[in-house]
Amino acid sequence: MIRHLASATAMALVLTGAAFAQDHDHDQHDVTLYRVFVGDHAAPRVTVIDLEGHDHEEHGDHGHNHEDEVWTFDTTGQVKLFGVANGAVVAAVQSDNDAVHFFTSGISFHDHGDHADIEVADPAPIGTVLTGPRPFHLVDHGGSVIINYDLGGYAEIVDGHHLSHGEVEVTRLPQSVPHHGFVARLGDHWLSTVGAPAPAEGQEALPRPGLQEFTIEGEPVGDLATCTAIHGEAFSGAYLAAGCREGVLTATVGSDGVVFNMLEYPAELPQGVTTGTILGATGVQVFLGNYGPKGLVVIDPVDAPHFRYIELPFRRVDFVLDPANPANGYVLTEDGTLHRVNLLQAAITGSAKVTEPYSMDGHWNDPRPRIAMAGDDIVVTDPNAGLLRVISAETLKEEDTITVEGMPYNLAVVGGSGLSH
């Protein structure tokens, strides 16, 4: 069934919210709600859609009768979206337009040990907009949301707790050289990529040399950990991992401070390619990284073998890990096929065609699908079709499609399950 979003009105949303509140004043209910934030490829806007009520059945003529919840917010330019502050906020990074917007997701959880309470409200823009020269990598870890400004030579650290309440409190960590990098918090330590000095006239630029600990004032602590052309970062368990030409650099906190370790690429891996995008699993201490255009590597930061290679049948478009089932990841390849990857087996365990082909030839930012998890489902943007496709993680079958105006591109999903009182 295809659901069209144009019919929702502001009054319908207000009335729906009021009815929701009245329903839950007198008793409590299990609520599962996932909210999808979608950025358009060309238009400066974010569309927000609720997946509430999805029932994993063939809908046919007996599909949803309720009005879909949908909101649209203007931005400055094309966005890359991140769920931050435990999903209470979505950050919209606009690298080409020197801006970062924040939106309250309208979904918050309160942990009570044996269960969590869920509170649901409308999403809304946060009034404070960060501006600076080319914001790019965003890292959310340890209660800090950190944005690197590639052309500014600094990162801005936003307190996640205050951000979840709509307050944007910023601390600036200076870097010696503007560069395409990241700053990350590891316990009480601040780690930053280090940029190479500007080349002399007529000389080639040198790659970024590595990762180093700094004070929040930007003063170096300890030695530089070599990680040539460092790119990409992720957390899993006690470890941070980043991709390098030599291998994957890990960092963890030991008794004497931050401990760095280089996991060198083994000789049996394909040569001439590296890892530059890494995802960190929850529930198990393992990473999944890209390795060349047609490969993935499962990375164990502690035990050998540190790398296990998965060859893909076509070039990779996007990939994601499943937080609810930490052994699983999903990767979309350019032929339009979605593959389930088992990290423990380092193998593809299922595949299904979900979109038309999207060639990886052309510009890196051409409109191509992006994927994100929403509980038991995988949400796939299909820019050329103007759709979100909702795919069952269990069967890899399409459960639903949602039409979205324009070319839906980058996305972030927030939400989960809890008790509503």
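A. Representation of the sheet that holds strand β23 (residues 257–264). Taking strand neighbours across the sheet as the criterion, the four strands line up as β20-β21-β22-β23 in an open arrangement whose pairing is antiparallel. Looking at strand neighbours, the two that pair on one side only are β20 (231–236) and β23, the edges of this open sheet. Ignoring which end each strand starts from, the neighbouring axes of this sheet average 20° apart. Here five bridges tie β20 to strand β21 (residues 239–243), and the two strands are oriented antiparallel to one another. The residue bridging F235 from the neighbouring strand is L240, located in β21.

B. Structural context of the state of the cysteines. According to the stated counting rule, one finds one disulfide in the structure shown. Disulfide pairing places C227 opposite C244 at an S-S distance of 1.9 Å. Residues C227 and C244 are joined by a disulfide whose S-S torsion is about -95°; by sign, that bridge is left-handed. Of this pair, C227 sits in the loop between β19 (220–226) and β20 while C244 sits in the loop between β21 and β22 (247–254), and the two are 17 residues apart along the sequence.

C. Just the nonpolar core, in detail. In terms of nonpolar packing, the biggest core is built from 19 residues, with V84, V89, F102, L130, L138, I147 and L163 touching the most fellow members. Those elements giving two or more residues to this core turn out to be β5 (80–84), β6 (89–94), β7 (99–104), β13 (144–149) and β14 (154–159). For F102, the residues in contact, after removing those within four places along its chain, are V89, V90, A91, A124, P125, I126, T128, L130, I147, L163 and V168.

D. Spatial organisation of the pattern of salt bridges. Enumeration according to the criterion identifies nine salt bridges in this entry. Note that D50 and R35 form a salt bridge whose closest N and O atoms lie 2.6 Å from each other. With a gap of 15 residues between them, D50 in strand β3 (residues 45–50) and R35 in strand β2 (residues 29–40) connect regions that are remote in the sequence. Accessibility classification places D50 together with R35 in one group, the buried group. D366 is the salt-bridge partner of R368, the closest N and O atoms lying 3.8 Å from each other.

E. Fine view of the sheet that holds strand β16 (residues 183–186). With antiparallel pairing, four strands are arranged side by side in an open sheet as β16-β17-β18-β19. Of all the strands in the sheet, just β16 and β19 have a single pairing partner and so form its edges. Looking at each pair of strands side by side, their axes are set apart by 25° on average, direction ignored. Across four bridges, β16 lies against strand β17 (residues 189–194) in antiparallel orientation.

F. Quick peek at the pairing of β17. Most of β17 is tucked away, with six of its six residues classed as buried. With antiparallel pairing between neighbouring strands as the criterion, β16 and β17 make up a hairpin whose turn holds two residues, including G187 at a positive phi of roughly 65°.

The rules behind the values
- Residues numbered from 1 in each chain as written.
- Predicted model: local features only at pLDDT ≥ 70, side-chain atom pairs only at ≥ 80, totals over all residues.
- Heavy atoms only, no water.
- Pairing = 2+ DSSP bridges.
- Helix = DSSP H or I, 4+ residues; strand = E, 2+ residues; numbered from the N terminus.
- Axes fitted to C-alpha atoms, helices over the stretch in contact; angles between N-to-C directions.
- Disulfide = S-S within 2.5 Å.
- Core = buried A, V, L, I, M, F, W, Y, C linked by side-chain atoms within 4.5 Å.
- Buried < 20%, exposed > 50% of the residue type's maximum accessible area, 1.4 Å probe, protein only.
- Contact = heavy atoms within 4.5 Å.
- Salt bridge = Lys/Arg side-chain N within 4 Å of Asp/Glu carboxyl O.

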